[in-house]
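Listed below, chain by chain, are the residues.
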Amino acid sequence: MTDTPQKPKWFQTTAIDYPNSRPHIGTAFEKLGADVQARYRRMEGFDVFFLMGTDENTLKVADRAKEQGLDPQTYCNDMAKQFRAVWDALDISYDTFIQTSHERHKQCCRKFVQKVYDNGHIYKGSYEGWYCPGCEEFKSDKVHAENAGNCPNHKRPLVRRAEPCWFFRLSSFQDRLLKHLKENPEFVQPESRRNEMIGFIEAEGLQDLNISRHGEQWGIPLPFDPEFTIYVWFDALLTYITGIGYGDDEATFRKHWPCDTHFIGKDITRFHTHIWPAMLWAAGEEAPRQVFSHGFVYVRNEESGTVEKISKSLGNIIDPMQVIGACSADAFRYFFLRECPFPSDGEFGWGRFAEVYNSELANNLGNLFSREMTLTWKNFNGVFDGTAGKVPESVVPGLDLAQFVCDVRGHVEACRYNLALQEVVQKFLTPTNQYLEANAPWKLVKTDKDAAKRVLFNATQSLRVASILLKPFIPKSAEAIYTSFNFPTPWAEVKYADAAELKAQPDDLRVTATVVDGKVAPLFPRIG
RNA sequence: CGCGGCGUGGAGCAGCCCGGUCAGCUCGCCAGGCUCAUAACCUGGAGGUCGUAGGUUCAAAUCCUACCGCCGCAACCA
C-alpha cells in the first residue's frame, strides 16, 4: 500500500490582514481556529493547502510606510516578515503566504478583472457621495447624518461630489445568490450568520459595487483603464485564487478550487458571502464551498473588570508574542481554543488565562502525565514487561470510546473547538485521574506488582488517546506526550481513528522519554 | 418596530437546535482522604424557583408570546 490513490483535497484560507500594525490576539484567534482545522484534516488524510497573507494595496498602508520614511514595498515586506514570525511562533501550519503587492498576484488579478469585464459584468458609471476635501475621501451617508453634514476629523462641511468610476454588476447576481444561500445550508456557517446574510438580501437587496479608485499610485491599475486602480475587493479577495495559481498555473488552480472553507471575521461576512461568490460567477468560476464567520475576542480590563473591544484608542492591544513569551505557544493555543467559542465571541484576561492553564493543562493533563511517568519509571524501570500483545482495558467506566472519539470529531469539524476540548478533559482526562486514585497503583505495587503494572498499562493508554485527540490543538505538547512511549504508530501518521480503539502493540510498552532521577520535566509548569 | 448577541449557584461558562435520564463543568469556599504527581490528585458539602410574566405540553433552562436588563453594529480595529 505505497500508493495513495485519490487523497481528498482540502483547501482553506484565513482572511488576509492589513499590515497597518502588528497582529494582535484577535487576529491570532482566527489563524488558530483555521490551523486546528488544517491540522485535523491533514491527520485525517486530506491533501491540505492552507493559505494566508497580507492585504497591502491600500491607502492606509502607503500612509504608514510614508510615516516611517519607507517606500511601500519595503514597508510591506518588513511587515509580512513580522506577521509570519508571529504565525510561526504560534505554530500556524500555513502552506503559503501571499502578499498582494507581489507581481504575480497583480498579474493574476488583472487577468481576473479583465475576464469579468469581458463577460460584461463591469461598466463605467459615476459615484456620487459626500466628500471631505481634507481627508480626500468619500464619507458614508451615515457619517454625514451623524455629524450634521461635517467631517468628524476636519469639522468642516462635507461637499456633494460625483466622480467617474467602474462598477461591478453585483445586483444582477442577486437572485442566483439568494437561491444559492437558501439551497446550501453549509455555505455560510454558523447558521445565525447565514440567516443574517439571507435576511440582508431580502430586506435591502444588492447594489452594484464601485470597484475602482482614481489617481492612486500604490495599487493595481485596471487593465482596461489604467487611470484607475482596483479597489479593495477585486484585489484582496482574489488572493484566495491567485495564491493557488489562478491565471498562470491552471492545473494547480483546478486541483484546489473551490475553496473548502474561508475562515473570516464576522465583520466581513457580507463581502465573502455576497460579493465574492458573485465575482467568481462573473468570471465563470465556482463559489467557495463554505465561509466560516468566527466571533471576536474582547479583552478583560483586570483593573476595572469591564470587557472591552480590542482597539488602539483604548490602548488594550495585546501582542500574541507577549502571551507566548509569558508561557508557551501551546498555552496560548489552548486558552483561546478552549475558552473562546470559535463561532461566537470570547474574551481574554490574564487572570482567566492563568486559571485555565493551571487547572486544565498543568493540574489535569500535565500532572497526569507526570504521575504516570514517575510511577512507571520508579516501579518498573520504565518498561511494562510482558505487555506485548496485550489489549489494554478501558479506564473510564461506561465510556464508549468509539462514540466518544466520534463526538470529538464532530465538534472539530464544526469548529466547536471549545466543546471538543471540554469533552477530552471532562470525559477522559479527569476520569483517568479518578481511575488512578481508585486503583492506587502506588499501593498496589507493594502487594500485587502485576496488578499495579496492569493499572498503569491501562492508564497509559489514556495519554495515547488524549495526545492523538489533542494533536490539532496543542501540537508540540501532544507530540511530547505521545513520543514519551513506544506506541507503534509513528506520530506523523496517527489519525483520530487510532484513538477510537484500544489495541495491543507488538512490543512491551515502555517509556522512551528522557528521565532524570526518575522524573520528567513538567510539561506545563504551573504559573503563579 | 433597525439588525444581531447575551441574561443559568460568589466569578466565568456548558446544556437550549433534536423538550423528560439536567440542573452540569471550571475557579473560589468549607470538611475529609491520599501521598505516585507540577503546594498536585481524589471524596463529600454549602450555594441556583436556569432575567421576568404568561402560554403550549403528561413534562420546559430547553418550544411559543410579551416584557425587563446588558453588550456590539462611524472610525483605528478581525
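Quick notes on the rules
- For every chain, the first residue of the written sequence is number 1, and numbering continues from 1 onward in sequence order.
- Whichever chain is written first is A, and whichever ligand is written first is 1; the rest continue in order.
- Where local features are concerned, this predicted model is filtered to residues with pLDDT of at least 70; where side-chain atom pairs are given and counted, the filter is 80 or more; whole-chain, interface and lining totals use all residues.
- Think of the side-chain values as coming from all heavy atoms in the structure, minus any hydrogens and water.
- Numbering of helices and strands runs from the N terminus, with a helix taken as a DSSP run of H or I at least four residues long and a strand as a DSSP run of E at least two residues long.
- For every residue, the accessible area obtained with a 1.4 Å probe (protein chains only) is divided by the maximum for its type, and the residue is called buried under 20%, exposed over 50%, and partly exposed between those limits.
- What makes two residues a contact is simply this: any of their non-hydrogen atoms within 4.5 Å.
- Note on areas: these come from Shrake-Rupley sampling with a 1.4 Å probe, and a residue is covered only by the protein chains present in the view.
- As used throughout, the charge tally considers Lys and Arg to be positive and Asp and Glu to be negative, leaving His and the chain termini uncounted.
- The atoms used to mark charge sites are NZ of Lys, CZ of Arg, CG of Asp and CD of Glu.
- Note: two strands are recorded as paired if DSSP finds a minimum of 2 bridges between them.
- Each residue is tested against the molecule or strand, and it is near if at least one of its non-hydrogen atoms lies within 4 Å.
- Between N or O atoms, a polar contact is any pair within 3.5 Å; within protein, one atom must be a potential hydrogen donor and the other a potential acceptor, and residues adjacent in sequence are included only when both atoms are from side chains.
- Note on residue categories: nonpolar means Ala, Val, Leu, Ile, Met, Phe, Trp, Tyr, Cys or Pro, charged means Asp, Glu, Lys or Arg, and polar means any other residue, Gly included.
- Under the pairing criterion, centres of Phe, Tyr and Trp rings, with the six-membered ring standing for Trp, must be within 6.5 Å; the plane angle then separates stacked pairs below 30 degrees from edge-to-face pairs above 60, leaving the rest tilted.
- Only lysine NZ and arginine CZ atoms are considered, and such an atom sits over a ring when it is within 6 Å of the ring centre and within 35 degrees of the ring normal.
- For this document, the term salt bridge refers to a Lys or Arg side-chain nitrogen within 4 Å of an Asp or Glu carboxyl oxygen.
- When two cysteine sulfur atoms lie within 2.5 Å, the pair is treated as a disulfide.

**Some remarks on the overall build of chain A**
Point 1. Counting secondary structure elements, chain A contains 20 helices and 16 strands.
Point 2. Considered along the principal axes of its C-alpha atoms, chain A spans approximately 90 × 55 × 45 Å.
Point 3. Within chain A, the fraction of its 528 residues that count as buried is 55%.
Point 4. A sequence separation of at least 24 residues applies to 76% of the contacts in chain A between residues at least 6 apart.
Point 5. With the model as given, the accessible surface of chain A reaches about 23,100 Å², and the carbon-plus-sulfur share is 49%.
Point 6. Across chain A, 61 positive and 69 negative side-chain charges occur, with their mean positions spaced 2 Å apart.

**Considerations on the sheet that holds strand S10 (residues 221-222)**
Point 1. Reading across the sheet, the 3 strands line up as S9-S11-S10 and stay open at both edges, with antiparallel pairing between neighbours. Each end of this open sheet is capped by a strand with a single partner; those strands are strand S9 (212-214) and S10.
Point 2. Alignment of S9 against strand S11 (residues 225-230), held across 3 bridges, turns out to be antiparallel. Paired with Arg-213 across the strands is Thr-229, a residue of S11.

**Section: the protein's contact with RNA strand B**
Point 1. As a matter of local geometry, RNA strand B sits amid 45 residues, with Asn-20, Phe-296, Asn-367, Arg-371 and Gln-426 nearest to it.
Point 2. Within 4 Å of the protein, the contacting atoms of RNA strand B are 69% sugar and phosphate, with bases supplying the remainder.
Point 3. Here a base oxygen of RNA strand B and a backbone polar atom of Gly-366 are 3.1 Å apart.
Point 4. In the environment of RNA strand B, a sugar or linking oxygen lies 2.3 Å from a nitrogen or oxygen atom belonging to the side chain of Gln-426.
Point 5. Breaking the surface near RNA strand B down by element, the ones donating at least two residues are helix H5 (141-146), helix H14 (350-380), helix H16 (417-439) and helix H17 (441-447).
Point 6. Ranked by residues supplied to the surface near RNA strand B, first place goes to H14 with 12 residues.
Point 7. For the surface near RNA strand B, the class distribution of residues is 13 nonpolar, 17 polar and 15 charged.

**Remarks on the packing of aromatic side chains**
Point 1. The tally for this structure, following the rule as stated, stands at 41 aromatic pairs.
Point 2. Look at Tyr-40 and Tyr-496: their rings are 5.1 Å apart centre to centre, the planes differ by 80 degrees, and that puts the pair in the edge-to-face class. Within this pair, whereas Tyr-40 is found in helix H1 (residues 25-43), its partner Tyr-496 is found in helix H20 (residues 496-499), the two being separated by 456 residues in sequence. Accessibility classification places Tyr-40 together with Tyr-496 in one group, the buried group.
Point 3. A network of ring pairs unites the aromatic residues Phe-29, Phe-263, Phe-292, Phe-332, Phe-335, Phe-336, Phe-342, Phe-348, Trp-350, Phe-353, Tyr-417 and Phe-473 as a single cluster.
Point 4. The ring centre of Trp-10 lies 3.9 Å from the NZ or CZ of Arg-41, which sits over that ring.
Point 5. In this structure, Lys-106 packs its charged tip against the face of Trp-218, placed 5.5 Å from the ring centre.

**Details of the environment of Glu-437**
Point 1. Here Glu-437 shows up in helix H16.
Point 2. By relative accessible area, Glu-437 is classed as exposed at 51%.
Point 3. Not counting residues within four places of it along the chain, the set of residues in contact with Glu-437 comprises Arg-371 and Trp-442.

**Focus on the pattern of salt bridges**
Here the idea is simple: oppositely charged side chains can pair when their charged atoms come close.
Point 1. Going through the model one piece at a time under the given rule, you end up with 29 salt bridges.
Point 2. A salt bridge links Arg-333 to Asp-35; the shortest N-O distance between them is 2.8 Å. Here Arg-333 is found in helix H13 (residues 329-339), whereas its partner Asp-35 is found in helix H1, with 298 residues between them in sequence. One exposure class covers both Arg-333 and Asp-35, and it is buried.
Point 3. Among the ionic pairs, Glu-437 bridges to Arg-371, the shortest N-O distance being 3.3 Å.

**A short note on the sheet that holds strand S16 (residues 346-348)**
As a general point, the strands of a sheet are linked pairwise by backbone hydrogen bonds and lie either parallel or antiparallel.
Point 1. Taken in spatial order, the 3 strands of this open sheet run S15-S14-S16, and their pairing is mixed. The open sheet has two edge strands with one neighbour each: strand S15 (307-308) and S16.

**A few points about unusual backbone geometry**
Point 1. Cis geometry is adopted by the peptide bond preceding Pro-190, which originates at Gln-189 and carries an omega value of -5 degrees.
Point 2. Inspection of the secondary structure puts Pro-190 in the loop between strand S7 (188-189) and helix H7 (191-204).
Point 3. Here Trp-257 and Pro-258 are connected by a cis peptide whose omega angle stands at 5 degrees.
Point 4. Structurally, Pro-258 is set in the loop between helix H10 (250-256) and strand S12 (261-265).
Point 5. Positive phi is not limited to glycine here, since Asn-381 has a value of about 55 degrees.
Point 6. In this structure, Asn-381 sits in the loop between H14 and helix H15 (401-413).

**Remarks on the state of the cysteines**
Point 1. Scanning all chains against the criterion turns up 0 disulfides.
Point 2. There is no disulfide at Cys-259, and the cysteine sulfur nearest it, in Cys-415, is 12 Å away.
Point 3. Of the residues examined, Cys-259 reaches a relative accessible area of 0% and is grouped as buried.
Point 4. What makes Cys-415 buried here is its relative accessible area of 3%.

Function cannot be inferred from these measures alone, as they are strictly geometric.
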